[in-house]
Amino acid sequence: IYREDGAVATIQLNRPQKKNAFNAQMRQEMENLLHDLARRTAIRAVVVTGGDEIFCAGADISEIEGTHSAESAYQHAREFQVLFDKVESLPQPVIAAVSGYALGGGCELAIAADFRIASETARFGLPEIKIGAFPGGGGTQRLTRLIGGAKAKEMILTGDPITAQEALAIGLVMKVTSKEKYLEEASSFAVKLAALPRLALQAS
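Residues numbered from 1 in each chain as written. Predicted model: local features only at pLDDT ≥ 70, side-chain atom pairs only at ≥ 80, totals over all residues. Heavy atoms only, no water.

Novice: Which parts of the structure should I look at to understand the overall build of the chain?
Specialist: A tally of regular secondary structure across the chain gives eight helices and ten strands. In terms of overall dimensions, the chain has C-alpha extents of about 45 × 35 × 35 Å along its principal axes. Residues classed as buried in the chain amount to 44% of the 204 residues present. Partitioning the contacts of the chain with sequence separation of at least 6, the portion at a separation of at least 24 is 70%. (Helix = DSSP H or I, 4+ residues; strand = E, 2+ residues; numbered from the N terminus. Buried < 20%, exposed > 50% of the residue type's maximum accessible area, 1.4 Å probe, protein only. Contact = heavy atoms within 4.5 Å.)

Below you can see the structure in the form of structure tokens.
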């Protein structure tokens, strides 16, 4: 779901029946949208969110079941890398508004954003290790840069999720609010950024 409010654009992942997991269609829709937003100077900040109960469960596993070749696994990982690189390189600042679970590719999407504002129900995790995989969408690099090697290894090698308060303590998120206010906080912060000089913000 896409909406604009003045200079702020909001992208909402909307596959609630699949826990907002990314399938090929949602990835393509988001890529197209980011490509368009990158050229639109009137949009000065972007908020990415999911639902109140779940931000994003990562990849839609049903899409890759039955394809066990190394080549298909590599291509699937590359598709996520390309998408999250587009998020990271967007000229506008991106704020992830996270409530509920942000797991696997969902966590990688959140850490590709410039800022993360979480509801107290948020849980961040890279559980790929538990199914014999690893974070292929940039998680190994971005998480390490954000929170340091030791804590990143703990999250990646155990696969255990952390709470919003733990995420705040290690610098993974910038703010934790109530479930009722996380989206409002993210939108307010986006408005604040949108009011600043565009080129200076982009250069910074």
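Novice: Would you mind showing me how to read the sheet that holds strand E4 (residues 54-56) here?
Specialist: Within a sheet, neighbouring strands are paired by backbone hydrogen bonds and run either parallel or antiparallel to one another. Reading across from one edge, E4-E6-E8-E9 is the order of the four strands in this open sheet, with mixed pairing throughout. Both outer strands of the open sheet, E4 and strand E9 (162-163), are each paired with one neighbouring strand and no more. Both E4 and strand E6 (residues 101-103) contribute to a ladder of two bridges, which runs parallel. Counted as the bridge partner of Cys56 is Ala102 from E6. Each of E4, E6 and strand E8 (123-125) touches helix H3 (residues 105-112); the most contacted strand, E6, lies at about 95° to it. (Pairing = 2+ DSSP bridges. Axes fitted to C-alpha atoms, helices over the stretch in contact; angles between N-to-C directions.)

Novice: Would you mind going over the state of the cysteines with me for this structure?
Specialist: Put plainly, a disulfide is one covalent bond tying together the sulfur atoms of two cysteines. Applying the stated criterion across every chain yields a total of zero disulfides. Between Cys56, a free cysteine, and Cys107, which holds the nearest cysteine sulfur, the sulfur-to-sulfur gap is 10 Å. Taking the relative accessible area as the measure of exposure, Cys56 reaches 0% and is therefore buried. (Disulfide = S-S within 2.5 Å.)

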